[in-house]
Amino acid sequence: MPDRVPRPRPAHPQAVPLGTGARRWLFRPPRRHGEVDTGRSVSFLELFYDLVYVVLVGQAAHALAEDLSWRGAATFAVVFGLVWIAWLNGSLFYEMHGREDGHTRSLVFVQMLLLALMAVYVGHAGGRDGRTLAVLYAVLLALLGYQWYSVYRQDPPELRATPRRYLAAVAAGIAVIAASAPLSPDARLVVWAVFVVAWCAVACVIIAVWRRGPSYDVVTDPMVERFGLFIIIVLGEVVIGVVDGLTAGERGPRAVATGLLGLAVGFGFWWNYADLAAGRKPRETGRSLATWIFAHLPLTMAVAASGAGMVALVEHAADHRTPAPVSRLTAGSVSAMLLTTVVLLPTLTDYRRYARAYRPVRAALAVAAVVALLAGWSRPAPWLLALVLALLLLATWLFAFVRWLREGSLINERPAD
C-alpha cells in the first residue's frame, strides 16, 4: 500500500498577553462604515437589549389603556415615537458597527440601564414625570451620539459626509429634548411631537440621499430579523391587553368570547405581517430603504395601541355598543396596520418581480383598512367589532394566499433576492 500523505495538524492559536488581550477586548473601536458583517446572526445581546423595550412599550400601552381620550392617544403616540427612535438608533448601530467584545457590551448595558430608568417615568410622561424622562432621554441620545462619533473618527474622509449630518441631527435632538424638560406638560408634549416628526423626516432624507448610489451593502438578514422581532414584542401587548381585560372585569361567556376574538385580531396582525413583509429585504437604493425603515414606526405603534384597546374592549364586553373611544382606537389601529403594510410592500426587493401578486393585495389591504374604519364608526357590540376586525384580517391574508398560488408560489416562501 502506498504511504498515506500526512495531514497537516491545525496550528494552535498563539497565546496573547493578558494586558494586550484585555485592552483589545475592552477598548477595540467599532467597525467602520462599509465593514458590514453580512454573515452574522442576531446575537443574544441584541435579544436581551430588545427585551428592555418590552417594559417601555408595556408602560406606554398601559397608560393609554387607562386614558383613551384624544390627549391620552396623543401622549402615547409621541412617547412611543421617542421609544422607537431610541430602539432604531441602538439597533442600527449594533448592526452596522457593533462587535462581540467587551466595549460593545458595556455600552449596550449602559443603554439598558438608562432605558430601565426611563420605563419608570414613561407611564406618566404626560405629567410631571415627563421632566425626568426628558433628562434621561437626552442622556441616552448623548450616549448614542458618542457611539456614532466613535465611528466617524475612524471613517475615511470620503465616507464622513453622511455621519457628519447625522451627528448634527443628534446634537440638535439633544438640545431640543433637554430644553423641553422645564416646560409645562402640554408644551413639553408639543416639543416632543415636533422632535419625533422632524427626526423621522430628517433621517429619511439623510438615508435616501446616502443610499442614492450605495458603495456597499447595509441591508442584512439580521437587520430584517430585528425589525420583525420588534413587531413580535409589541404583539405581546395584544395578549397582555386581553389578559388584563379579563382579569379586571367579570369573566362571563361574553367577556371570554370577546377576549378570544381580540386574540384572533392579534393573530391576524401576525399572519399578515409574517407572510407579506417579514423576512423580505428592502431595496438598498433611493427612497426604498428609508421608507421601509420608517414605515415600521406607525406599524408597530398601531399594533401596540391595539393591545391597549383590547383591555377596554373586554371590560365593556357586556355593552350593547362599544364606547366611542374604544371603538375608535381598536378599529383605527387595525386600519393603520393595514395602510402601513400597503406603504411597506413596494419597498421590498421582490415587489417588481411579483407585481401581479402584490398590486391586488395592496388594493385589498386598502379596502380592508376603510372597512375597519367604518366598523369602528358604527360602534357595534365589542364582540362583534372584534369579530369583524378579525375577519377582515383573515380575508386579506386569504386573498394574498390565493394571489400567490396563482403566481405558482406559496405566500410564505421567500423569493430569492
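The present account deals with the structure reproduced in this document. Sequence order sets the numbering: in each chain, residues are counted from 1 along the sequence as written. The predicted nature of this model means local features are confined to residues of pLDDT at least 70 and side-chain atom pairs, given and counted, to a pLDDT of 80 or more, with totals for whole chains, interfaces and linings taken over all residues. Where side-chain values are given, they derive from all heavy atoms of the structure, hydrogens and water being excluded.

**Focus on empty space enclosed by the protein**
Stage number 1. Here a cavity denotes grid points, spaced 1 Å and computed from the protein atoms alone, that fit a 1.4 Å probe unable to get out, and a pocket denotes an open set having protein on both sides within 12 Å along at least 5 of 7 lines; residues with an atom within 4 Å of a point are the lining. Grid points are joined across faces, edges and corners, and a volume is the space filled by probe spheres set on the points. A complete count under the given rule lists one cavity of 30 Å³ or more for this structure.
Stage number 2. Taken as a whole, the largest cavity holds about 40 Å³ of empty space.
Stage number 3. Secondary structure elements follow DSSP: runs of H or I no shorter than four residues count as helices, runs of E no shorter than two count as strands, and numbering proceeds from the N terminus. Of all the secondary-structure elements, those providing two or more residues to the lining of the largest cavity are helix H2 (44-66), helix H3 (70-97) and helix H4 (102-122).
Stage number 4. When residues in the lining of the largest cavity are grouped by element, the largest group, three residues, is from H2.

**Examining the layout of surface pockets**
Stage number 1. Counted as a void, the second largest pocket has a volume near 290 Å³.
Stage number 2. Residue lining of the second largest pocket: 19 residues in total, with Ala63, Val122, Gly123, His124 and Ala125 positioned closest to the centre.
Stage number 3. Where the lining of the second largest pocket is concerned, the elements lending two or more residues are H2, H3 and H4.
Stage number 4. All amino acids are sorted into three groups, where Ala, Val, Leu, Ile, Met, Phe, Trp, Tyr, Cys and Pro are nonpolar, Asp, Glu, Lys and Arg are charged, and the leftover types, Gly among them, are polar. Looking at side-chain class alone, the lining of the second largest pocket contains eight nonpolar, eight polar and three charged residues.

**Observations concerning a nonpolar patch on the surface**
Stage number 1. Each patch is assembled from residues with relative accessible area greater than 30% and no salt bridge, linking like charges that lie within 9 Å and nonpolar side chains (Val, Leu, Ile, Met, Phe, Trp, Tyr) that lie within 5 Å. The protein chains shown are the only cover counted for residues, whose accessible areas, like all others here, come from Shrake-Rupley with a 1.4 Å probe. Salt bridges are counted wherever a side-chain nitrogen of Lys or Arg sits within 4 Å of a carboxyl oxygen of Asp or Glu. Taken together, Phe48, Leu51 and Phe109 make up a surface patch of nonpolar side chains, about 290 Å² in accessible area.
Stage number 2. Here Phe48 lies in helix H2.
Stage number 3. Relative accessible area serves as the criterion here: at 42%, Phe48 is assigned to the partly exposed category. Categorising residues by exposure relies on relative accessible area from a 1.4 Å probe, with only protein chains included: less than 20% of the type maximum marks a residue as buried, more than 50% marks it as exposed, and the intermediate range marks it as partly exposed.

**Concerning unusual backbone geometry**
Peptide bonds are mostly trans, and most non-glycine residues show a negative phi.
Stage number 1. Positive phi values are uncommon outside glycine, yet Arg379 reaches one of about 55 degrees.
Stage number 2. Summarising the element assignment, Arg379 is placed in the loop between helix H12 (355-378) and helix H13 (382-406).

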